[in-house]
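The chain contents come next:
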Amino acid sequence: MKAARYVAEYLVRQGVTHVFEMAGGAIAHLLDALAEREDIAAVSMHHEQAAAFAAEGYARASGKVGVAMATSGPGALNLVTGIGSCYFDSVPCVFLTGQVNTYEFKFDDPVRQNGFQETDIVSVVRPLTKYAAMVADASRLRFELEKAWAIAQSGRPGPVLLDIPMNVQRAEIDPERMEGFSEAEEAEAVLPTVPEDEVGRAAAMLREAARPMVLVGGGVRQAGATEELRAWLARAGIPAVCSLMGLDAVETDYEWNLGLIGSYGHRYANLALANCDCLLVLGSRLDTRQTGTRPETFAREASVIHVDIDEAELGRKVQADMAIRGHLKPFLSRLAAEWERRPQLGGGSAWKNWLALCRRKYPTGAAAAVGIRGAKEEQGEIDPNRLMERLGEAIGADAIVCLDVGQHQMWASQSLPVRGEARLLNAGGMGAMGFGLPAAIGAAFAVPGRRIALVAGDGGMQVNIQELQTIVHWRLPIAVFVLNNRSLGMVRQFQDLYFGGRQASTVSGYSCPDFAKVAEAYGIAGLRAASWSELEELLKSLSAAEGPVVAEIAISAGAAVHPKLGVGRPIEDMEPLLDREELRRSMIVPLLEEP
């Protein structure tokens, strides 16, 4: 059997339906093997970075392993940003790269290059993968495929890469006589079990707390534990906040869901977290965008229970009073069982009355923060946070919404509702502009029939705009919303704060096209709105449209994300800054001195 055909057969046996790639000579044998089959499709993207992001979107939307392929040299190197995105956000993907023939590869020779487009991609990606190897011997192909597949999904998920030289791809092999990974001494990592007594102790700490809180991280989705979390929260009634990656694990309609925390979170959510006295952290690494630049002040008077599959993350940024290494699905199941034995609502009425008051007093959004939302809407100017609420209503409860990186990502994360089976695919640790469009394409292939929407900014949209052709070619019914403020707004907002308003390369030197016209050039319907009345007409047109649509929505050039946590301030002290006496009155725990 030809080795390339074995690779295609193996992917099918693992349930892979689509492989995202960009053609190149060093993967020609693999592409041919995929083309011979009708039970798997190669999706030709127009840049390898986009192929990597599409594989990530496929994996996150389906819960299965995503697969992307690229040729040697520039093709393999173009995958790196997407590989890093999967690594930082714990997404299981297998990346297959072609390589020059083994007799052309330099190995340990002290030369820069032997073969054309030869690049040691394994060494390049090793810090960004759970496992990376060159399959230099065709007899090792079965072992390496099985090993890569197991490692991508075991423990804390993540990407793996196999580099397959051309002479290995075309070699004749007998899979039945080849060593398998399960037959080797190396074994797949066993998920750590959570001791019953630790679950009991965690439950007791939450029950005894006057002001309990749950912080939901992206690990809940990765563990497939969303159903268990929602069931337990409904039973326990404990208030919850979310990291950027954990947002779609808790429904907006859960009464005590306080939403996003951190640098661009809700002021009331940050205040709630700052004042809690017991914090259960579920699958979050507590990065600086959550804790602020002073992590020692984060939930400073709370007993912290930190649960994560990755032992290295436990108590690393914020000291944990109880660190539990374990898989979140069995942990939450056991926690729910513990609550069944001793039912009790989390937190007293005084705590929840205080939370409700904070939510009413400090609504999110630039207009809301200064009390002029109504006036703005009457004038027709589109407030970004209200826009996200409206888009959520129009998109519906079962949509998968992919967010590119920029201000629009934060507005959506603050205000886009999550209901039912809705998903919010955020780019987290890597935070790469250009993520959204290819991720939406991957999601569309992963769950055909689901509504797919992309929310992008004018800057991020231009990074992988060529993938509009992929949408056209495959007739993918993706709704694209481009929020156009004619600038790179996130960095521009930073410049306005710290560089005296000098807007180098974000406004000065930056430009963008007419996105509706660009869409039409690709054969996609292009729509525009610059006011609330035009937006309502746009949404009516959207609901009647068949196939993909690109909707360009004009936002004020000076639009900013509010509230925002400044450098050096504790999480509760967000900009625009509250009067010191008002902030003091809004705190239960003592207010910290000015930085």
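Computed from a prediction, not measured in an experiment: that's the story for all the values here.

**Q** Got a sec to walk through the overall build of the chain? Specific residues and values, please.
**A** Looking only at helices and strands, the chain features 26 helices and 20 strands. Over its C-alpha trace the chain gives a radius of gyration of 25 Å, about what one expects of a compact globule, namely 25 Å for 595 residues. Its C-alpha atoms give the chain principal-axis dimensions of about 75 × 60 × 45 Å. In the chain, 76% of the contacts between residues at least 6 apart in sequence involve partners at least 24 apart. Put simply, the chain shows about 23200 Å² of open surface, and 50% of that area lies on carbon and sulfur atoms. Computed over 58 positive and 74 negative side-chain charges, the separation of the two mean positions in the chain equals 4 Å.

**Q** Describe the sheet that holds strand S6 (residues 159-165), and please don't skip the residues or the numbers.
**A** Overall, parallel pairing links the six strands, which are arranged S2-S1-S3-S4-S6-S5 in an open sheet. Here the strands that pair on one side only, and so sit at the sheet edges, are strand S2 (41-44) and strand S5 (131-134). For this sheet, the mean inter-axis angle between neighbouring strands, taken without regard to orientation, is 20°. Sheet topology note: the strand S4 (residues 93-99)/S6 ladder contains seven bridges and is parallel. Following the sheet pairing, Phe95 is matched in S6 by Leu161. Lying over the sheet, helix H2 (residues 28-35) contacts strand S1 (18-21), S2 and strand S3 (66-70), oriented at roughly 135° with respect to S3. Sheet strands touched by helix H7 (residues 141-153): S3, S4, S5 and S6. Its angle to S6, the strand with the most contacts, is close to 165°.

**Q** Give a detailed account of the packing of helix H9 (residues 196-208) against helix H14 (residues 328-341), specifying residues and quantitative values.
**A** The geometry of a pair of packed helices is captured by two quantities: the angle between their axes and the separation between those axes. One can describe the packing of H9 onto H14 by two numbers: an axis separation of 10 Å at closest approach and a directional angle of 60°. Classed by the angle they form, the pair H9 and H14 counts as oblique. In this structure, the crossing between H9 and H14 has a hand that is right-handed. In this structure, H9 contributes Glu196, Val199, Gly200, Ala202, Ala203, Leu206 and Arg207 to the contact, and H14 contributes Phe331, Arg334, Leu335, Glu338 and Trp339. Across the contact of H9 with H14, the residue classes tally to seven nonpolar, one polar and four charged.

**Q** Now, about the layout of surface pockets: what can you tell me, with residues and values included?
**A** By volume, the second largest pocket is sized at about 520 Å³. Looking at the second largest pocket, it is lined by 27 residues, and the ones nearest its centre are Thr252, His266, Tyr268, Gln414 and Ser415. Broken down by secondary-structure element, the contributors of at least two residues to the lining of the second largest pocket are strand S9 (257-260), helix H18 (384-395) and helix H19 (407-415). Taken together, the residues of the lining of the second largest pocket sort by class into 13 nonpolar, eight polar and six charged.

**Q** So what's going on with a nonpolar patch on the surface? Residues and values would help.
**A** A cluster of nonpolar side chains, namely Phe494, Leu497, Tyr498, Phe499 and Val567, defines an oily patch on the protein surface of about 470 Å² accessible area. Looking at where Tyr498 falls in the secondary structure, it is placed in helix H23 (residues 489-498).

**Q** Give me helix H5 (residues 80-88): which residues, what numbers.
**A** Residues of H5 that are buried: Val80, Gly82, Ile83, Gly84, Ser85 and Cys86. Elements that come into contact with the buried residues of H5 comprise helix H3 (48-62), helix H4 (74-78), S4, helix H6 (121-125) and S6. Just beyond H5, the residue with positive phi is Ser90, at close to 60°.

**Q** Account for the pairing of S6, with residues named and values stated.
**A** The side chains of a regular strand alternate, first on one face of the sheet and then on the other. Burial within S6 is extensive, with seven of its seven residues counted as buried. Judged by which residues are buried, S6 turns out to be covered on both faces: Pro159, Leu161, Asp163 and Pro165 on one side and Val160, Leu162 and Ile164 on the other are all buried. Two elements, S5 and S6, share four bridges in a ladder whose sense is parallel. Paired with Tyr131 across the bridge in S6 is Val160. Between S5 and its parallel partner S6, the chain crosses via H7, and the hand of that crossover is right-handed.

**Q** Describe the packing of H3 against helix H20 (residues 436-446), with residues and values.
**A** Packing of H3 against H20 brings their axes to within 6 Å, and their N-to-C directions diverge by 45°. Classified by the angle between their axes, H3 and H20 sit oblique to one another. Crossing of H3 over H20 shows right-handed handedness. Together, Ala50, Phe53, Ala54, Gly57, Tyr58, Ala61 and Ser62 of H3 and Pro438, Ala439, Gly442, Ala443, Phe445 and Ala446 of H20 make up the contact between the two elements.

Rules and cut-offs
Residues numbered from 1 in each chain as written. Predicted model: local features only at pLDDT ≥ 70, side-chain atom pairs only at ≥ 80, totals over all residues. Heavy atoms only, no water. Helix = DSSP H or I, 4+ residues; strand = E, 2+ residues; numbered from the N terminus. Rg over C-alpha atoms; globule rule 2.2 N^0.38 Å. Contact = heavy atoms within 4.5 Å. Areas by Shrake-Rupley, 256 points an atom, 1.4 Å probe, with all protein chains shown as cover. Lys, Arg positive; Asp, Glu negative; His and termini not counted. Charge placed at Lys NZ, Arg CZ, Asp CG, Glu CD. Pairing = 2+ DSSP bridges. Axes fitted to C-alpha atoms, helices over the stretch in contact; angles between N-to-C directions. Parallel < 35°, antiparallel > 145°, perpendicular 65-115°, else oblique. Left-handed = near helix turned anticlockwise from the far one by under 90°. Nonpolar A, V, L, I, M, F, W, Y, C, P; charged D, E, K, R; others polar. 1 Å grid on protein atoms, 1.4 Å probe; cavity = no way out; pocket = protein on both sides within 12 Å on 5 of 7 lines; lining within 4 Å. Points joined across faces, edges and corners; volume = space filled by probe spheres on them. Patch = residues over 30% accessible without salt bridge, like charges linked within 9 Å, V, L, I, M, F, W, Y side chains within 5 Å. Salt bridge = Lys/Arg side-chain N within 4 Å of Asp/Glu carboxyl O. Buried < 20%, exposed > 50% of the residue type's maximum accessible area, 1.4 Å probe, protein only. Right-handed = clockwise from strand over helix to strand, strands pointing away.

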